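# Observations on the three-dimensional arrangement
Take a look at the letters that make up each chain.
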Amino acid sequence: MAWFNRLVGTGKRRIITLSVLGLILFFGVVMFWADHEPDTFDVVAAAQIHAADNNHEIRTGYVTTATLVNVMDTLLTKRGGYLQNDVLPPFVFLDNIPAWEIGVIFQARDLARSLRNDFSRSQTQSAEDDDLAKADPQFSFDYGSWILPTTEGEYREGIDALERYLDRLGNENPSDARFFDRADNLREYLSLVEKRLGSIGQQLSASVGERRLNTDLSGDPVAGASGDLGSEVRVETSWWQIDNIFFEARGTTWALIHFLKAVEHDFAPVLENKNAQTSFAQIIRELEASQRPIWSPMILNGGGFGFTANHSLVMA
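Residues numbered from 1 in each chain as written. Predicted model: local features only at pLDDT ≥ 70, side-chain atom pairs only at ≥ 80, totals over all residues. Heavy atoms only, no water.

### Here's the deal with the overall build of the chain
The number of helices and strands found in the chain is 11 helices and two strands. Along the chain, helices and strands appear, N-terminal first, in the series α-α-α-α-α-α-α-β-β-α-α-α-α. Buried positions account for 41% of the 316 residues belonging to the chain. In the chain, 72% of the contacts between residues at least 6 apart in sequence involve partners at least 24 apart. Total accessible area on the chain is roughly 17800 Å²; 56% of this is exposed by carbon and sulfur atoms. (Helix = DSSP H or I, 4+ residues; strand = E, 2+ residues; numbered from the N terminus. Buried < 20%, exposed > 50% of the residue type's maximum accessible area, 1.4 Å probe, protein only. Contact = heavy atoms within 4.5 Å. Areas by Shrake-Rupley, 256 points an atom, 1.4 Å probe, with all protein chains shown as cover.)

### Some thoughts on the pattern of salt bridges
In the structure shown here, the tally under the stated rule is 14 salt bridges. Taking the shortest distance from any N to any O, the salt bridge between Glu288 and Lys261 comes out at 2.8 Å. Residue Glu288 is found in helix 10 (residues 277-289), and its partner Lys261 is found in helix 8 (residues 242-266); the two are separated by 27 residues along the sequence. Lys261 sits in the partly exposed class, given a relative accessible area of 28%. (Salt bridge = Lys/Arg side-chain N within 4 Å of Asp/Glu carboxyl O.)

### Details of the packing of aromatic side chains
Applying the stated rule across the entire model yields nine aromatic pairs. Measuring from ring centre to ring centre gives 5.9 Å for Phe179 and Phe267, while their planes differ by 65°; the resulting arrangement is edge-to-face. One end of the pair, Phe179, is in the loop between helix 6 (151-169) and helix 7 (183-205); the other, Phe267, is in the loop between helix 8 and helix 9 (268-273), and 88 residues separate them in sequence. In this pair, the class of Phe179 matches that of Phe267, namely buried. In this structure an aromatic cluster arises from ring pairing among Phe119, Phe179, Tyr189 and Phe267. (Phe/Tyr/Trp six-rings, centres within 6.5 Å; stacked < 30°, edge-to-face > 60°.)

### Looking at the side chain of Gln138
Secondary-structure assignment places Gln138 in helix 5 (residues 130-139). The exposure class assigned to Gln138 is buried, which follows from its relative accessible area of 9%. Leave out the neighbours within four places in its chain, and Gln138 touches Glu154, Tyr155, Glu157 and Gly158.

### With respect to the side chain of Gln291
Topologically, Gln291 is positioned in the loop between helix 10 and helix 11 (311-315). Separated by 3.0 Å, the side chain of Gln291 and the backbone oxygen of Arg250 make a polar contact. A distance of 2.7 Å separates polar atoms of two side chains, one belonging to Gln291 and the other to Thr253. Apart from residues no more than four positions distant in its own chain, Gln291 is found in contact with Glu37, Arg250, Thr253, Trp254 and Ile257. (Polar contact = N/O pair within 3.5 Å; in protein donor to acceptor, adjacent residues only side chain to side chain.)

### Some words on helix 5
With seven of 10 residues buried, helix 5 lies mostly within the body of the structure. Among all positions in helix 5, only Asp131, Leu132, Ala133, Ala135, Asp136, Gln138 and Phe139 are buried.

### Some words on the environment of Leu271
Structurally, the position occupied by Leu271 is in helix 9. A residue is classified by how much of its surface remains accessible, and Leu271, at 6% relative accessible area, is buried. Along the backbone, Leu271 and Ala183 are 88 residues apart, and their C-alpha atoms lie at a distance of 8.3 Å. Apart from the residues within four sequence positions on either side, Leu271 is in contact with Leu186, Glu264, Ala276, Gln277 and Phe280.

### Description of the packing of helix 5 against helix 6
Their axes nearest at 8 Å, the elements helix 5 and helix 6 cross at an angle of 155°. Judged by the angle between their axes, helix 5 and helix 6 are roughly antiparallel. Crossing geometry of helix 5 relative to helix 6 is assigned as left-handed. Taking contact as the criterion, the partners of Asp131, Leu132, Lys134, Ala135, Gln138 and Phe139 in helix 5 are, on helix 6, Glu154, Tyr155, Glu157, Gly158, Ile159, Ala161, Leu162, Arg164, Tyr165 and Arg168. Its residues placed into classes, the contact of helix 5 with helix 6 shows eight nonpolar, two polar and six charged. (Axes fitted to C-alpha atoms, helices over the stretch in contact; angles between N-to-C directions. Parallel < 35°, antiparallel > 145°, perpendicular 65-115°, else oblique. Left-handed = near helix turned anticlockwise from the far one by under 90°. Nonpolar A, V, L, I, M, F, W, Y, C, P; charged D, E, K, R; others polar.)

### As for the environment of Asp131
Relative to the elements of secondary structure, Asp131 occurs in helix 5. Residue class for Asp131 comes out buried when judged on its relative accessible area of 12%. Filtering out sequence-adjacent residues up to four positions away, Asp131 remains in contact with Ala161, Arg164, Tyr165 and Arg168.

### Digging into the nonpolar core
Among the nonpolar cores identified, the biggest contains 50 residues, and Leu68, Phe139 and Tyr189 are the most heavily contacted of them. Per element, the largest residue contribution to this core is nine residues, and it comes from helix 3 (residues 62-77). Core analysis: the second largest hydrophobic core is formed by eight residues, Ala99, Ile200, Leu204 and Phe247 among them. (Core = buried A, V, L, I, M, F, W, Y, C linked by side-chain atoms within 4.5 Å.)

See the structure below:
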């Protein structure tokens with residue numbers, strides 16, 4: 001019977017080994033399937049479909065609001081769903097798409113805040129829209145919460161609030177919801193975009209590390225700071241954060257492509273009056289270039305003139 005026990009023991013080990021290998025293979029296939037960035041979509045066509053489905057009239061601001069709804073819905077329903085708050089395998093082992101999601105979320109928050117504070121108000125003394133006041137804090141909820149309340153549930157409530165605003169914006173009564181395509185409103189939003197892009201661009205440029213002259217107080221002879229960092233500062237992104245910053249930038253530019261195209265449509269008279277259509281179109285074209293396919297199996301961090309590429313510097 002000893003030989004039989006050894007045979008059974010060997011069979012159990014073989015079954016356990018094959019089961020573990022099969023599970024690893026399954027996890028690998030699922031991770032490969034979920035590690036996918038959504039394609040861009042036509043913002044005007046998507047808004048027209050939304051309006052037709054809900055019997056809405058497309059007014060000023062409709063495309064911008066519908067685009068924010070579609071972007072947030074894509075964030076939650078893309079291949080693999082929302083991944084940033086997953087704590088179980090295999091999705092917990094992914095980091096590229098979760099970083100991409102952060103870039104999208106930050107841009108959605110900025111647009112939601114501009115809708116609440118600027119686009120829907122004619123002046124600073126006017127009352128804010130109730131549904132936009134609801135959507136703004138919902139999108140500012142912790143993007144990594146996996147236990148009640150979940151991030152997906154909070155973001156879905158924000159989408160529902162935007163849908164209610166969109167229903168009022170596109171119904172028969174134009175006074176139910178307001179959107180003002182004023183130049184000063186657009187300037188406030190673009191200033192947020194500028195700061196966000198400046199921050200992510202700085203982190204991308206610091207991928208190789210360098211010493212820079214401290215320009216914090218340049219241009220203001222009487223400015224002060226909370227602390228003196230010296231005449232030179234060391235700027236460097238940690239090596240283990242380089243791919244996360246890169247994919248956050250990819251998510252940032254993916255969302256901005258849609259938002260700026262929507263703004264280009266809704267603020268067309270303002271852009272025409274300022275003779276800014278060409279400049280605006282060029283900005284969008286450069287953002288679209290950042291979405292080119294990545295052929296390298298990993299994000300490289302080579303020197304500026306070294307043997308290997310530096311994807312972060314190209315993105316910056």
